[in-house]
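Spelled out, the chains give:
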There are 2 protein chains.
Amino acid sequence: MKNLEMLTYDELLVEFKNILKADGLKFTSQREAILSTLYENPQHFTSENLYMLVKQKHPELSVGIATVYRTLALLEENGLVSSISLGIQGKKFEIANKPHHDHLICESCGKIVEFENEKIEDLQHQIAKENGFVLTDHLMQLYGICTECQKNQSK
Amino acid sequence: MKNLEMLTYDELLVEFKNILKADGLKFTSQREAILSTLYENPQHFTSENLYMLVKQKHPELSVGIATVYRTLALLEENGLVSSISLGIQGKKFEIANKPHHDHLICESCGKIVEFENEKIEDLQHQIAKENGFVLTDHLMQLYGICTECQKNQSK
DNA sequence: TTACCATATGAATATCATTATCAAAAAAGG
DNA sequence: CCTTTTTTGATAATGATATTCATATGGTAA
Ligand SMILES: [Mn+2]
Ligand SMILES: [Mn+2]
Ligand SMILES: [Zn+2]
Ligand SMILES: [Zn+2]
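All values derive from a computational prediction rather than experimental measurement.

Draft legend 1. Examining the pattern of salt bridges more closely. Residue and element names in this part refer to chain A. Per the stated rule, a full pass over the model turns up six salt bridges over all chains. For E94, the salt bridge is made with K98, and the minimal N-O distance between the two is 2.9 Å. Through salt bridges with shared partners, a single network forms among E94, K98 and E114.

Draft legend 2. Highlighting the side chain of Q141 of chain A. In this fold, Q141 of chain A is placed in strand β5 (residues 134-145). The buried category is assigned to Q141 of chain A, whose relative accessible area is 0%. Side chain to side chain, Q141 of chain A and Y143 of chain A meet in a polar contact 2.4 Å long. The residues contacting Q141 of chain A, other than those within four sequence positions of it, are I84, S85, L86, H103 and I105 of chain A together with H138 and L139 of chain B.

Draft legend 3. Seen up close, the interface of chain A and chain B. Each partner contributes residues to the interface: chain A has 33 residues there, and chain B has 33 residues. For the chain A and chain B pair, buried surface summed over both sides reaches about 2,900 Å², with 68% attributable to carbon and sulfur atoms. Its largest share of buried area at the contact with chain B, chain A owes to I127, F133 and L139 of chain A, together 22% of the area lost on that side. Inspection of the chain A/chain B interface yields zero salt bridges. Seen at the junction of chain A and chain B, the total is 14 residue pairs in polar contact (both at pLDDT 80 or more). Elements represented by at least two residues in the side of chain A that touches chain B include exactly β3 (102-106), β4 (112-115), α5 (118-130), β5 and α6 (147-154) of chain A. Top contributing element to the side of chain A that touches chain B by residue count: β5 of chain A, with 12 residues. Taken together, the residues that form the side of chain A that touches chain B break down as 18 nonpolar, 12 polar and three charged. Sheet topology places β5 of chain A next to strand β5 (residues 134-145) of chain B; 11 bridges connect them, and they run antiparallel. For G144 of chain A, the partnering residue across the bridge sits in β5 of chain B and is L135 of chain B.

Draft legend 4. Molecular detail of the protein's contact with DNA strand D. Neighbouring residues of DNA strand D: 16 residues in total, closest K26, S62, V63 and T67 of chain A together with Y69 of chain B. Across the atoms of DNA strand D situated within 4 Å of the protein, the share located in sugar and phosphate is 72%. Side-chain polar atom of R31 of chain A to a phosphate oxygen of DNA strand D: 2.6 Å apart, as the coordinates give it. In the environment of DNA strand D, a phosphate oxygen lies 2.9 Å from a nitrogen or oxygen atom belonging to the backbone of G64 of chain A. Sorting the residues of the surface near DNA strand D by element identifies α2 (29-40) and α4 (65-77) of chain A together with α4 (65-77) of chain B as the ones contributing at least two each. When residues of the surface near DNA strand D are assigned to their parent elements, the largest contribution, three residues, is made by α4 of chain B. The residue makeup of the surface near DNA strand D, split by class, is five nonpolar, six polar and five charged.

Quick notes on the rules
Residues numbered from 1 in each chain as written. Chains lettered and ligands numbered in written order. Predicted model: local features only at pLDDT ≥ 70, side-chain atom pairs only at ≥ 80, totals over all residues. Heavy atoms only, no water. Salt bridge = Lys/Arg side-chain N within 4 Å of Asp/Glu carboxyl O. Helix = DSSP H or I, 4+ residues; strand = E, 2+ residues; numbered from the N terminus. Buried < 20%, exposed > 50% of the residue type's maximum accessible area, 1.4 Å probe, protein only. Polar contact = N/O pair within 3.5 Å; in protein donor to acceptor, adjacent residues only side chain to side chain. Contact = heavy atoms within 4.5 Å. Buried area = accessible area lost by both parts, 1.4 Å probe. Nonpolar A, V, L, I, M, F, W, Y, C, P; charged D, E, K, R; others polar. Pairing = 2+ DSSP bridges. Near = heavy atom within 4 Å.

See below:
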C-alpha cells in the first residue's frame, strides 16, 4: 500500500481514482463528496456524523447512509482513511494522509488529542519479536481527563 | 477500588459479597457460578462463550444469557473482571485477579498473548502529562501473526 | 422458621448500529 | 448515444446487547 502522508487533495484524488480503476470500480459524486469532506475536516467522525456533514456540505447530492458505510469501508481497505474503535462508543474514521499517530481521549468531554511516540513503537516491535509474532498493526489509546474537564470537576 | 491482584477464589468471593452488600444487591447461585467459572478458566471469553461454559459446568442451574450479560457488567464495574474490545470481533472478558497486562493478538488464529512492559506504561504517563491530561486508563493491543500461523502461511 | 419484600432471574421483545437486498440510476467505454 | 457493469437509496435483515415483566429467590427481622 502506497504511503499517503501529507498528500494534497488532488494527489489523494488521483490515488483514489487509480485504486477504483484497478478494481473495476467507478468514480461517483457521492464517493468524491465523502472523500473531500473527510479531507476538509481532518477530525474523527462516526459514520452517522459524517453522513450528516456530507449532506450539509453537498445539499445538491442525494446521499444515503448505506453509501457512507460502503465508502468508508472501501476507503479504509485502501488506506485512504483509518479508524479507531472506541469500545462502546463505536468506530470513528479520519482521513489517512497524516503521519501515524495514536490517541489520547478525554473520558469526560470526548476530546481527542493525537500524539506519536517513537520509543513506544520500537518497544512494541520488540515485544512482538520476543513472542515470535510478526507485528502488523497496533492500537493504543490513552484515556484520561483533560485540563478543562479537571477544572470543571473541581468547581 | 481495591487491588485484587493474585487473590485466591475465596478472597475474591468475600470481596464480591462485600460489594454486593454495600450496594444492596444479592448473592445468587448464578452470580457465583459465573465468577467461579471465570476464576477457574482465566482465559478471554465472549459473553456467549462464557454463557455456554457456565451452563456446561453448572447443569443443575438455570442460567440465561441475559444474566451473563448483567453479571459481567456488574463484575466489570466493580473491577472483578476486565474486558478488551476486539473491534468487529466483539468484547472479551477475563478475571481481573491478575497483574495488569496488555494483549498481543494473532490476526490469523485469534491467539492472545499477555504481556507487560513497564517502560511503555511510564511513557504513557509522560505523554498524558505533556498534554495536560490525568491518565485514568489505557488500551494497548498489538496485532500480528504468531509463529504457528507464519509456518502455515509459508506452506 | 417464617413471612415479607426488595432484588434477581429467564424468556421474550426491543434497540441500535451495521449489513444485505433489490430495482432504478449513473458511470465507463466504445 | 448505447450497452454493460457498477452504484445508489430505501428498505429490510442481522446480530449483539439491553430492556421488560411476571415469577422466583435471597436477605432479614420477628
Ligand atoms: Mn487521529
Ligand atoms: Mn488478558
Ligand atoms: Zn475533557
Ligand atoms: Zn496465529
